[in-house]
Structure formats: structure tokens, C-alpha cells
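Listed below are the residues making up each chain.
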Amino acid sequence: MQYAKVNEKIIKRLKQIVGPTNVLTDPEALENYSHDETPLYSAMPEVVIKCTSTEQVAEVMQAAHEYRIPVTPRGGGTCLSAGAVPVHGGIVLSLEKMTKIQEIDKDNMMAIVETGIVTEQLGKELAKHGLFFPPDPVSLDSCTIGGNIAECAGGPRAMKYGVTRNYITGIVAVLPDGTIAKIGGKLLKNVTGYDLMNLIIGSEGTLAIVTEATIRLLPRPKIVVDLLIPFVCVEDAMNFTVELLHTDITPAAIEFMEGDVVRMVSKYLGRELPYQNANAHTIVEIDGNDKNRVRTMYDRIGDIAMKFGALDVLVGESVRDREKIWEPRKKIGDTLKDLTKNVTREDLVVPKKQIPRLISQLKNCAKNYGATVYAFGHLGDGNIHADVSIEKSKQVSPSEIDKMRREMYEITISLGGTITAEHGIGLSKIPYLRIAVDDKQIELMKKIKAVFDPYEILNPGKIFPDS
Ligand SMILES: Cc1cc2nc3c(=O)[nH]c(=O)nc-3n(C[C@H](O)[C@H](O)[C@H](O)COP(=O)(O)OP(=O)(O)OC[C@H]3O[C@@H](n4cnc5c(N)ncnc54)[C@H](O)[C@@H]3O)c2cc1C
């Protein structure tokens with residue numbers, strides 16, 4: 001596809017739409033928008049614009065459509081598949097100023113929000129009303145609801161509460177030609193024609209820019225308790241999880257960190273962590289409204305854990321103790337960034353009983369390339385993050401990284417899994433889509449893209465091989 005360059009005339013038009021202060025062209029400012037959190041990927045935009053309303057987004061898309069300029073939507077820039085990298089230059093359209101909560105409808109348990117709002121900020125506002133939006137990506141202090149919708153983000157609580165898709169009942173979406181589409185509403189059931197909203201959710205900003213979302217809410221659980229349960233090995237942690245999920249207790253989360261990860265975090269934090277010599281650490285979160293019931297639940301979880309060889313069961317009831325339990329899990333990204341050379345951050349998913357086999361095969365695979373796998377993630381739903389690092393002083397060629405990644409994906413698929421659970425294909429997994437999805441399905445997806453965006457101006461160069 002041939003794209004036009006952003007020239008003075010186009011800059012002038014963009015300034016008329018969003019105002020001069022919301023148009024950035026200074027290279028230093030542009031650099032901040034040239035990458036997301038994916039290692040190794042970046043590309044400079046020609047201009048960044050910050051919209052403040054759906055109508056502005058629509059006008060920008062009309063202009064981009066008319067001139068054939070690529071547009072990359074952007075929320076918090078925490079993407080881990082390089083989806084927010086403007087690989088064809090053009091316009092980065094940031095929603096960072098669209099943060100209004102339009103309505104919190106307590107009777108219908110719905111909220112309507114602009115999608116640039118940071119996920120944690122929305123959670124804090126809802127808590128004031130005793131309400132709860134469960135999806136909790138670990139990046140929630142900086143990612144946005146728009147990015148969560150585009151990636152169909154999950155998080156630790158997905159195992160009990162599901163992912164972003166399960167809470168969105170309506171969207172306002174700006175299509176690539178600038179048309180504003182209002183889809184759904186405060187409706188818990190809706191089968192009126194094809195489900196375009198759910199096609200747009202998880203489409204990684206390639207079909208439409210979502211500017212507003214109607215969100216289904218739950219009552220906020222009054223009591224939340226976290227348990228830190230270290231095990232000697234991953235198998236014991238997995239057997240414990242399988243047994244626990246057969247009981248009538250549904251934990252909100254069962255998270256996992258392998259021993260090597262915990263020891264690295266300890267090094268990064270500069271202090272010893274509890275049971276850091278254990279090889280598998282689980283964090284089990286339980287919630288509810290009745291103190292005695294929650295206590296009975298965690299006593300039973302403790303008994304099951306001990307039966308499967310747990311080294312201890314540490315209980316965090318206060319906010320402070322819970323934060324202490326979660327701290328190592330939340331610091332993994334920073335730790336590995338700081339102490340190692342991260343060559344790829346994988347987001348694999350397998351039927352959960354296969355997790356020990358997956359981790360051990362990935363580790364062997366990486367070792368053959370002089371790399372180390374640091375595994376952690378969401379034990380409760382089979383979604384394991386495998387950050388692959390090499391020592392800072394070492395080099396691995398791009399072709400070797402490519403070969404290693406292919407092997408890792410083939411291992412995952414041979415265990416009944418797939419190559420991304422919540423981070424998306426974006427730019428970084430394009431060469432591997434065909435390992436996981438057959439040509440016929442890719443053709444169908446490309447036709448859908450062409451119907452929405454015949455000139456390929458919206459987030460081009462993402463998802464599809466040869467895009
Ligand atoms: C430390 C860390 C922990 C993480 N933990 C998790 C986790 O637990 N679970 C999880 O699912 N993910 C996780 N992520 C990945 C990431 O945070 C999520 O994918 C998040 O949803 C991205 O939101 P964002 O606002 O940062 O989007 P961005 O990075 O800005 O964009 C992501 C994609 O969405 C598109 N996009 C953004 N806004 C819109 C919009 N309004 N309309 C249309 N398209 C849009 C962009 O073009 C891009 O393709 C983590 C990332 C980091 C760095």
C-alpha cells in the first residue's frame with residue numbers, strides 16, 4: 001500500500017481539528033510514541049495528535065482517509081506485541097486526554113467512559129460507589145480501557161471473572177473512513193445481527209478506534225485475602241491448582257512465579273524474599289463478603305496446599321500484607337528489563353495441566369540458544385508468560401531469535417496451546433501467525449479487515465503476514 005507523507009497542509013488541517021497544542025512534531029516528543037513496552041521494536045511517527053472527543057477522532061480519520069495517511073491508535077503504550085508501534089510512520093492518534101467518566105449508573109450497574117481513562121483510575125472511582133470492573137492487567141496503573149478493549153486484556157483475576165470482553169456491552173467506534181458507529185448499550189443481552197462489537201474487541205486497533213465504552217459492573221467484594229504458597233517444584237504447584245479447582249472454592253486468581261524469577265526479583269529489590277529457594281511460588285487470591293466464609297476458604301486452601309507439599313502458607317489480610325505478597329509478581333517486568341537483556345516476552349497458553357511440561361520444554365529450547373526462560377503468569381487459566389533473556393554481555397543474532405521463537409511456538413502448539421493469550425499478534429508475532437492459524441482463517445480475517453479498512457490506513461502492518 002502506498003501512503004502519503006504528512007506535509008504542512010495536513011499538519012495545518014490536524015491543528016484545525018484538535019488545536020495546535022495537541023499536535024506534536026518535535027522529534028523528542030515523537031520519540032516517546034515510537035515504541036511501546038515490547039523489546040526491540042520501534043518506528044518514528046511523523047506526527048502525534050491528542051484528541052479530546054469522538055468527533056475529533058472522526059474528523060482526523062476523515063482526513064487520513066482522504067489523504068491515505070496511516071493512523072496508529074494509542075492508549076497507555078504498554079502493549080507487549082508492538083501493536084502501538086507506528087510501523088508505517090504517519091499519525092499516532094493518542095487517546096490520553098479522553099479520560100472522562102460520563103456516567104456511573106448504579107441501578108443498572110453500568111458505567112460509560114471515554115476509553116483513554118487509565119484502568120486503575122477507573123477502578124478507584126468505581127470503588128467509591130461499591131462497584132467493580134474485574135479485569136486487572138498487571139499494567140493497570142498505566143494501561144487504558146481502550147487498550148484493554150483493543151487487546152481484550154485479561155489479568156490475574158481472569159480465571160474467576162473473565163477478560164475485558166465479558167464486561168463490555170456497548171462501544172462508540174470510529175471507523176477508518178471517519179464514520180461514528182454506536183454499537184450496543186447498557187444491554188446484557190443483544191443478538192441484533194452480527195456481533196460487530198465483539199469483532200472490534202480484540203482486533204488490536206486495526207478495525208476501528210474505540211472512543212467510548214459501556215461497561216458492565218459487579219458489586220465490589222468487601223473482603224480480599226492473598227495467600228503466598230511456595231512449592232518445591234512446578235508439578236506440585238500444578239497438582240495443587242488442579243485439586244483446588246475441583247472444590248467448590250473459586251479463587252479470584254492463582255498466579256505463578258518460578259524460583260529463578262523470584263530470585264532475580266530479590267536481586268533487583270536488594271533483599272531476601274520469603275522462601276526464595278523454592279522453585280515454584282503461587283499467589284492465591286480469594287474474595288467474598290463474609291469474613292468467616294473467606295477464612296474457612298483459605299483454611300481449606302491451606303490444607304490442600306500442604307497435602308501437595310507446600311513449604312508454607314503465608315496469609316495476607318491487610319492491604320499492606322497483600323501488597324507485600326504481590327510486590328515480587330508486579331516487579332518482574334522491571335527486574336528483567338534492568339538485570340537482563342530481554343530478547344522476547346512470550347504470552348503462551350496451554351491446557352493448564354500441561355504447564356509443567358511447557359515450562360520445562362521451553363527452558364531446554366532456550367538453553368540451546370544460550371538464553372534463559374523466566375516463567376511466570378496466570379496458573380489458573382493456563383496462560384504462562386515466558387520472558388527470554390540473555391546475559392547483557394552476550395549477543396544472539398535476529399535469525400537465531402527467530403528460530404528459537406518458532407521452536408517455542410511449535411512446542412506450545414504440540415501441547416494443545418496457542419501463541420498468544422492476551423498480548424495479541426501486533427507486529428512482533430506476525431511471522432508466526434501461520435504456525436497457529438490456518439491459511440483459510442487468515443484469508444477470512446484479511447477480508448474482514450478489507451471491508452472495514454479498504455485503504456489499510458488504520459494500524460497498518462499489524463497481525464497479517466505480508467501486511
Ligand atoms: C508490566 C506489564 C504487565 C502487563 N500485564 C498484562 C496482563 O496481566 N494482562 C494483559 O492482558 N496484558 C498485560 N500487559 C499488556 C498491556 O498492558 C495490555 O495489552 C493493555 O491492554 C494495553 O493497553 P494500553 O492502553 O497500554 O494500549 P497501547 O499499548 O497504547 O495499545 C495497544 C494496542 O491497542 C490499540 N489501541 C489502543 N487504544 C485503542 C483504542 N481506544 N481503540 C482502538 N485501538 C486502540 C493500539 O493501536 C495497539 O494496537 C502488560 C504489559 C506490561 C508492560
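Basis of the calculations
- Residues numbered from 1 in each chain as written.
- Predicted model: local features only at pLDDT ≥ 70, side-chain atom pairs only at ≥ 80, totals over all residues.
- Domains from an automatic or database assignment.
- Contact = placed C-beta atoms within 7 Å.
- Nonpolar A, V, L, I, M, F, W, Y, C, P; charged D, E, K, R; others polar.
- Axes fitted to C-alpha atoms, helices over the stretch in contact; angles between N-to-C directions.
- Helix = DSSP H or I, 4+ residues; strand = E, 2+ residues; numbered from the N terminus.
- Parallel < 35°, antiparallel > 145°, perpendicular 65-115°, else oblique.
- Left-handed = near helix turned anticlockwise from the far one by under 90°.
- Buried ≥ 20, exposed ≤ 12 C-beta atoms within 10 Å, placed from the backbone.
- Pairing = 2+ DSSP bridges.
- Arc of directions from axis to C-beta.

Enquirer: Give me the lowdown on the domain arrangement of the chain, citing residues and values where you can.
Expert: By domain assignment, the chain separates into domain 1 (1-220 + 437-467), domain 2 (223-332) and domain 3 (340-429). Taken over C-alpha atoms, the centre of domain 1 sits 27 Å from the centre of domain 3. If you look at the interface, domain 1 gives 20 residues, while domain 3 gives 19 residues. Among the residues forming the side of domain 1 that touches domain 3, the class breakdown is 12 nonpolar, five polar and three charged.

Enquirer: So, the packing of helix α8 (residues 234-245) against helix α13 (residues 355-367): which residues are in play, and what are the values?
Expert: Their axes nearest at 9 Å, the elements α8 and α13 cross at an angle of 155°. When the axes of α8 and α13 are compared, the pair comes out roughly antiparallel. The hand of the α8/α13 crossing is right-handed. The segment α8 lies against α13, with Val234, Glu235 and Met238 engaging Ile355, Pro356 and Ile359. Split by residue class, the contact of α8 with α13 holds five nonpolar, no polar and one charged.

Enquirer: Now, about the pairing of strand β17 (residues 372-378): what can you tell me, with residues and values included?
Expert: The buried fraction of β17 amounts to six of the seven residues, a majority that puts the element mostly inside the structure. As judged from the three bridges shared by strand β13 (residues 253-258) and β17, these two strands associate in the antiparallel manner. Along β17, the bridge assignment pairs Phe256 with Gly377. Pairing of β17 with strand β18 (residues 383-390) involves seven bridges; the strand directions are antiparallel. Bridge assignment links Ala375 to a residue of β18, and that residue is Ala386. The hairpin turn running from β17 into β18, its antiparallel successor, is four residues long, and Gly382 in that turn takes a positive phi close to 80°.

Enquirer: Go over helix α1 (residues 8-18), please, and point to the residues and values.
Expert: Restricting attention to buried positions, one finds in α1 the residues Ile10, Leu14 and Val18. Buried residues in α1, looked at end-on, bunch into an arc of 55°, giving them a common side. Exposed residues lying more than 90 degrees from the buried face of α1 are Glu8, Lys9, Lys12 and Gln16. Considering only its buried residues, α1 is in contact with β1 (23-24), β2 (47-50) and α3 (54-67). Following α1 by one or two positions, Gly19 has its phi on the positive side, about 90°.

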